[in-house]
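# A closer look at the structure
Residues per chain, in single letters:
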Amino acid sequence: TLAYIVAFRLYLALRRRGGDSLDDVNRWWIIAAAAIGATFGSKFLYWFEDPQLTSQHLHDSAYLLGGKTIVGALIGGLFAVEMMKRHLRITARTGDLFAVPLCVGIAIGRVGCFLTGVSDHTVGSPTTLPWGMNAGDGVMRQPVQLYEIAFMLLLGWFLWRRMAKPHLAGDIFRMFMVGYFSFRLLCDFLKPDIRVFAGLSSIQWACVAMLLYYARDVKRWLAARATQEMFSPVPS
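Overview of the structure. (Residues numbered from 1 in each chain as written. Predicted model: local features only at pLDDT ≥ 70, side-chain atom pairs only at ≥ 80, totals over all residues. Heavy atoms only, no water.)

### Observations concerning the overall build of the protein
Secondary structure assignment for the protein yields 10 helices and 2 strands. Start at the N end of the protein and walk to the C end: the helices and strands fall as α-α-α-α-α-α-β-β-α-α-α-α. For 236 residues, the compact-globule estimate of 2.2 N^0.38 gives 18 Å, and the C-alpha radius of gyration of the protein, at 19 Å, lies within 12% of that figure. Taken along its principal axes, the extent of the C-alpha atoms in the protein is 55 × 55 × 35 Å. Split into buried and exposed, the 236 residues of the protein put 41% on the buried side. In the protein, once contacts between residues fewer than 6 apart in sequence are set aside, the share between residues at least 24 apart is 64%. Of the charged side chains in the protein, 24 are positive and 16 negative, and the gap between their average positions amounts to 7 Å. (Helix = DSSP H or I, 4+ residues; strand = E, 2+ residues; numbered from the N terminus. Rg over C-alpha atoms; globule rule 2.2 N^0.38 Å. Buried < 20%, exposed > 50% of the residue type's maximum accessible area, 1.4 Å probe, protein only. Contact = heavy atoms within 4.5 Å. Lys, Arg positive; Asp, Glu negative; His and termini not counted. Charge placed at Lys NZ, Arg CZ, Asp CG, Glu CD.)

### Quick word on the side chain of Ser 201
Its place among the elements puts Ser 201 in the loop between α8 (171–187) and α9 (202–213). In contact with Ser 201, not counting residues within four places along its chain, are Asp 193, Ile 194, Arg 195 and Val 196.

### Here's the deal with the environment of Tyr 63
When you line up the elements, Tyr 63 lands in helix α4 (residues 61–66). With 17 residues separating them in the primary sequence, Tyr 63 and Ala 80 have C-alpha atoms 24 Å apart. Aside from chain neighbours lying at most four places away, what touches Tyr 63 is Tyr 46, Asp 50, Leu 53, Thr 54 and His 57.

### Comments concerning the nonpolar core
It is characteristic of soluble globular proteins that their nonpolar side chains tend to be buried jointly. One finds Val 71, Met 152, Leu 159, Phe 176, Met 177, Tyr 180 and Phe 181 to be the most contacted residues of the largest nonpolar core, which totals 42 residues. Within the residue set of this core, elements represented by two or more residues are α1 (2–18), α2 (24–47), α5 (70–88), α6 (96–116), α7 (144–163), α8 and α9. Ranked by residue count, the leading element in this core is α8, at 9 residues. Those residues in contact with Met 152, other than ones at most four positions away along the chain, are Cys 103, Ile 106, Ala 107, Phe 176 and Tyr 180. (Core = buried A, V, L, I, M, F, W, Y, C linked by side-chain atoms within 4.5 Å.)

### Examining the layout of surface pockets
Approximately 530 Å³ is the volume attributed to the second largest pocket. Taken together, 18 residues make up the lining of the second largest pocket; nearest its centre are Phe 158, Arg 162, Met 175, Trp 221 and Arg 225. If you list the elements that add at least two residues to the lining of the second largest pocket, you get α7, α8 and α10 (215–231). Among the elements that line the lining of the second largest pocket, the one with the most residues is α10, at 6 residues. Within the lining of the second largest pocket, the residues separate by chemical class into 9 nonpolar, 3 polar and 6 charged. (1 Å grid on protein atoms, 1.4 Å probe; cavity = no way out; pocket = protein on both sides within 12 Å on 5 of 7 lines; lining within 4 Å. Points joined across faces, edges and corners; volume = space filled by probe spheres on them. Nonpolar A, V, L, I, M, F, W, Y, C, P; charged D, E, K, R; others polar.)

### Quick word on the packing of α7 against α8
Running from amino to carboxyl end, α7 crosses α8 at an angle of 160 degrees, the nearest separation of the two axes being 11 Å. In terms of their interaxial angle, α7 and α8 are classed as roughly antiparallel. When you trace α7 past α8, the crossing you get is right-handed. Facing α7, whose interface residues are Val 144, Tyr 147, Glu 148, Phe 151, Met 152, Leu 155, Phe 158, Leu 159, Arg 162 and Met 163, α8 presents Ile 172, Met 175, Phe 176, Gly 179, Tyr 180, Phe 183, Arg 184 and Cys 187. In terms of residue class, the contact of α7 with α8 is built from 14 nonpolar, 1 polar and 3 charged. (Axes fitted to C-alpha atoms, helices over the stretch in contact; angles between N-to-C directions. Parallel < 35°, antiparallel > 145°, perpendicular 65-115°, else oblique. Left-handed = near helix turned anticlockwise from the far one by under 90°.)

Here it is as structure tokens:
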């Protein structure tokens, strides 16, 4: 609850400070589409985290409605917004204002995951590292929620600074998505998740798919970076 409240207030503050390419009516349609898409996406991908377990609980509404995943929420929200934009004939990029609030919201939300412990199903794998933590089952585990909190705060700081510089509309949100999916692809190796194919979990495969979706943008950023370095003045 705190994550939603703080993230939304931060979004409103950014919108007041920097303005918005959309009017109020269209912006609220976009927010509604993002919320609905995120809800369905978070449930849908959760069902595929453990396909065998899901198949055993197809008639168990408590199981089907009980879980969710951030990766699924981001994917569902993204495509729901794109569908709504097409319906409203909006061509402007609309995600930049959400990037930093999402970073802060996810960081706060992971505090809840960390405090919940094993029953939250977000704990890390057992470890012998000195910073391993007991999540409530007596096993020292990777504190993956703390890793994610630290990463999201760093990513939010980076995007905040990037917003103040010239950038292509939509790139701030794309950078957020690429950053988060890259982190989850790597960090989820530290979790005891079900590996559904080729040593990757369903969430990791979803991350791979989304990184391929944004591959052209990553290539464009790298090319722009290389060009900038090529023409930057050589220090004397």
